[in-house]
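Commentary on secondary and tertiary structure
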Amino acid sequence: MRPMYDMLLAASGRQSCHMPGHKGKAPFGPVDMYALDTTELPLTDDLYAPERGVAEAQRLYAKAVGAARTLFLTNGSTTGNHVMLQLYAREGDTVLLPRNAHMSAVNGCIMGGLKVRWLPVSMTEDGLCYMKEADIIAAMDAHPEAKTVFLTRPDFYGCVLPLERIAQAAHARGMRLVVDEAHGAHFPWTEGMKSAGACGADAWVQSVHKTLPGLTGAAVLHLAHGEDHTRALTLTRREQSSSPNFVMLMSIDDARAYMEEGGADNLSAVAEAVTEVRGKLPALGYRDAHEGWRDTGLAFDPTRLVIDAPQGGKALAAAFRQHGVDAEMYDQRRVVFIMSAMDDPADVRKLATILEEIPPAAAEITVLPMLESIPQRALEVREAAMADCERVPLQDCLGRIVTASAGLYPPGIPLICPGEVVSGEILARLMYAKNQERFGVEGDTLLCVKL
């Protein structure tokens, strides 16, 4: 029996509008992965002391994206987030973190012993959580001791925070700007888009497997300053296996080569096809979600299709699945499709044809407002995460200090993070939600500091 093979085979052969960005196709044709999988040998290389293929591949990637140095990662952008947070801040230092950061960012602060001060998140009437430039700069002024400002752009919805003035403000205050650009690996080859480095970031991480044809887990960490390479490499070696997967590393190099040898042209054609689909949505009873967010000051990834569904995101995603199309994600109101240079523009256009067969039906959709304020902090994140803990029934958690993040998905932003105190408002939201709508809640319990 081969249950993993059987599972993966059953999931293949459908139209993929989700990651990984290779969409089930090798950019330079099929290869025998087992024949190429090997280890550090005189004829290969060492990821942590590269001299041959790895060194040249990293040099070519850095040149392609305008970085001083690039490091290949085999544990996704999670590794990059950990490294960036510990690159400029040392144990006991303060970092500014957005409330909607990926959980790996909080874990990076726990591992590095960093103090977290939260950047506030705004919300549109239809539930989009986003950052405002003015709020970020105000937080820098409120915390002049901070060493690093950590931001996420773009988000799952393809919303892109302008960074130029934020980078200038951070540097003027002696702070470093690092960016989780996991969903923006294609930006260097996307017309009208600039990667974080081009906007002034000191370090930025990109998931090659999300929007470029890399294997799952493949990512790159870019450095704007060559002198940061030694510490970044030391931290990377601490975070990753000493036996990196060379086939995955090859897929990073292949992704860059593919984009330089024609992939960028196809990506442009895919973006045009996405634009065509957007233009047809109103006549079909749907709406381009990006259009409703124009007044936020954000820019939008032209390859990311986000459809606002009157019947709700879950119902529309299920209807697409019945037509053989798998979306990346859905929330109460929307469905998100990830496109890449490996998509066929004709297949992208077919999404509009499928929508013609899915008549919209009005449904009552409730969007919970943001919390009135960030919860009270009783302990730093590392203190809480390392404390003795116990599982506490939700109904008994009022006033308790949690040791792990918990919240609702969507939007996926923690209601409460390690070291914070459970309030009545937080408790009500967690108890009201269904189990599949929550994260960090197991069996109607929260992990709390042991009394």
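Just above sits the structure.
Our subject in this report is the structure included herewith. In this text, all values refer to a predicted model and were calculated from it rather than measured experimentally.

Thresholds, definitions, all that
Residues numbered from 1 in each chain as written. Predicted model: local features only at pLDDT ≥ 70, side-chain atom pairs only at ≥ 80, totals over all residues. Heavy atoms only, no water. Patch = residues over 30% accessible without salt bridge, like charges linked within 9 Å, V, L, I, M, F, W, Y side chains within 5 Å. Areas by Shrake-Rupley, 256 points an atom, 1.4 Å probe, with all protein chains shown as cover. Salt bridge = Lys/Arg side-chain N within 4 Å of Asp/Glu carboxyl O. Helix = DSSP H or I, 4+ residues; strand = E, 2+ residues; numbered from the N terminus. Buried < 20%, exposed > 50% of the residue type's maximum accessible area, 1.4 Å probe, protein only. Disulfide = S-S within 2.5 Å. Axes fitted to C-alpha atoms, helices over the stretch in contact; angles between N-to-C directions. Parallel < 35°, antiparallel > 145°, perpendicular 65-115°, else oblique. Contact = heavy atoms within 4.5 Å. 1 Å grid on protein atoms, 1.4 Å probe; cavity = no way out; pocket = protein on both sides within 12 Å on 5 of 7 lines; lining within 4 Å. Points joined across faces, edges and corners; volume = space filled by probe spheres on them. Nonpolar A, V, L, I, M, F, W, Y, C, P; charged D, E, K, R; others polar. Phe/Tyr/Trp six-rings, centres within 6.5 Å; stacked < 30°, edge-to-face > 60°. Core = buried A, V, L, I, M, F, W, Y, C linked by side-chain atoms within 4.5 Å. Pairing = 2+ DSSP bridges. Lys, Arg positive; Asp, Glu negative; His and termini not counted. Polar contact = N/O pair within 3.5 Å; in protein donor to acceptor, adjacent residues only side chain to side chain.

On the surface, a nonpolar cluster with roughly 440 Å² of combined accessible area is contributed by Val31, Met33, Tyr34 and Leu36. Tracing the chain through its elements places Val31 in the loop between strand E1 (15–17) and helix H2 (33–36). Under the relative-accessibility criterion, Val31 is labelled partly exposed at 42%.

What follows concerns the state of the cysteines. As enumerated under the stated definition, the model contains 0 disulfides in all. Free of any disulfide, Cys17 has its nearest neighbouring cysteine sulfur in Cys159, separated by 18 Å. No disulfide involves Cys199; its sulfur sits 16 Å from the nearest other cysteine sulfur, which is in Cys159.

With their axes 9 Å apart at the nearest point, helix H10 (residues 246–280) and helix H12 (residues 345–356) run at an angle of 10 degrees to one another. If you check the angle between H10 and H12, you find them roughly parallel. Judged by residue contacts, Asn266, Ala269, Val270, Ala273, Val274, Glu276, Val277 and Lys280 of H10 engage Pro345, Val348, Arg349 and Ala352 from H12.

Approximately 910 Å³ is the volume found for the second largest pocket. Those elements that place two or more of their residues in the lining of the second largest pocket are helix H1 (3–11) and H2. With 6 residues, the top contributor of residues to the lining of the second largest pocket is H1. Its residues assigned to classes, the lining of the second largest pocket comprises 11 nonpolar, 8 polar and 5 charged.

One pass over the structure, following the stated rule, counts 5 aromatic pairs. Seen from their ring centres, Tyr61 and Phe72 are 6.1 Å apart, and the 80 degrees between their planes marks the pair as edge-to-face. Residue Tyr61 is found in helix H3 (residues 53–65), and its partner Phe72 is found in strand E2 (residues 69–73); the two are separated by 11 residues along the sequence. Residue classification places Phe72 among the buried residues on the basis of a relative accessible area of 2%. Between Tyr157 and Trp293, the aromatic rings sit 5.8 Å apart at their centres with planes inclined by 80 degrees, giving edge-to-face as the arrangement. Within this pair, whereas Tyr157 is found in the loop between strand E7 (146–152) and strand E8 (159–160), its partner Trp293 is found in the loop between strand E12 (287–288) and strand E13 (299–300), the two being separated by 136 residues in sequence.

Take empty space enclosed by the protein next. Empty space left among the atoms is revealed by rolling a probe the size of a water molecule over them. Scanning the model with the defined rule gives 2 cavities of 30 Å³ or more in all. What the largest cavity holds in volume is close to 100 Å³. As for the largest cavity, its lining consists of Asn100, Cys129, Tyr130, Met131, Thr152, Arg153, Pro154, Asp155, Cys159, Leu161 and Leu298. Across the lining of the largest cavity, the residue classes tally to 7 nonpolar, 2 polar and 2 charged. If you add up the space inside the second largest cavity, you get close to 40 Å³. Forming the walls of the second largest cavity are Val116, Arg117, Trp118, Arg377, Glu380, Val381, Pro418 and Glu420. No other element matches strand E4 (residues 115–119), which puts 3 residues into the lining of the second largest cavity. When the residues that make up the lining of the second largest cavity are grouped by side-chain class, the tally is 4 nonpolar, no polar and 4 charged.

Membership of the largest hydrophobic core comes to 92 residues, with the highest contact counts inside it found for Tyr61, Leu97, Met140, Val149 and Leu151. Among the elements that take part in this core, H10 stands out by supplying 8 residues, more than any other. Core analysis: the next-biggest nonpolar cluster, separate from the first, contains 26 residues, Val270, Val274, Ala317 and Ile354 among them.

All right, on to the sheet that holds strand E21 (residues 438–439) then. The strand order across the open sheet built from 3 strands is E20-E19-E21, with neighbouring strands paired in antiparallel fashion. Taken across any chain shown, the strands that pair with only one partner, and hence form the sheet edges, are strand E20 (414–416) and E21. The sheet contact formed by strand E19 (residues 406–408) and E20 spans 2 bridges and is antiparallel. Note that in E20 the partner of Ala406 across the bridge is Ile416. Taken strand by strand, helix H14 (residues 424–432) contacts E19, E20 and E21, and its axis lies near 130 degrees from that of E20.

Attention now goes to the side chain of Glu328. Along the chain, Glu328 turns up in the loop between strand E15 (325–327) and strand E16 (329–330). Buried Glu328, no salt bridge; nearest opposite-charge side chain is Arg304, N-O distance 7.1 Å. Engagement of the side chain of Glu328 in a polar contact is seen with the backbone nitrogen of Met19, the distance being 3.0 Å.

Glancing now at the pattern of salt bridges. For the structure shown, the criterion picks out 27 salt bridges. With a shortest N-O distance of 3.0 Å, Arg117 and Glu380 are connected by a salt bridge. Of this pair, Arg117 sits in strand E4 while Glu380 is found in the loop between H12 and helix H13 (381–386), placing the two residues 263 residues apart along the sequence. Overall, Glu380 belongs to the buried group, its relative accessible area being 16%. Taken together, the shared-partner salt bridges connect Asp126, Arg287, Asp308, Asp331 and Arg334 into one network.

Shape is all these values report; function is a separate question.
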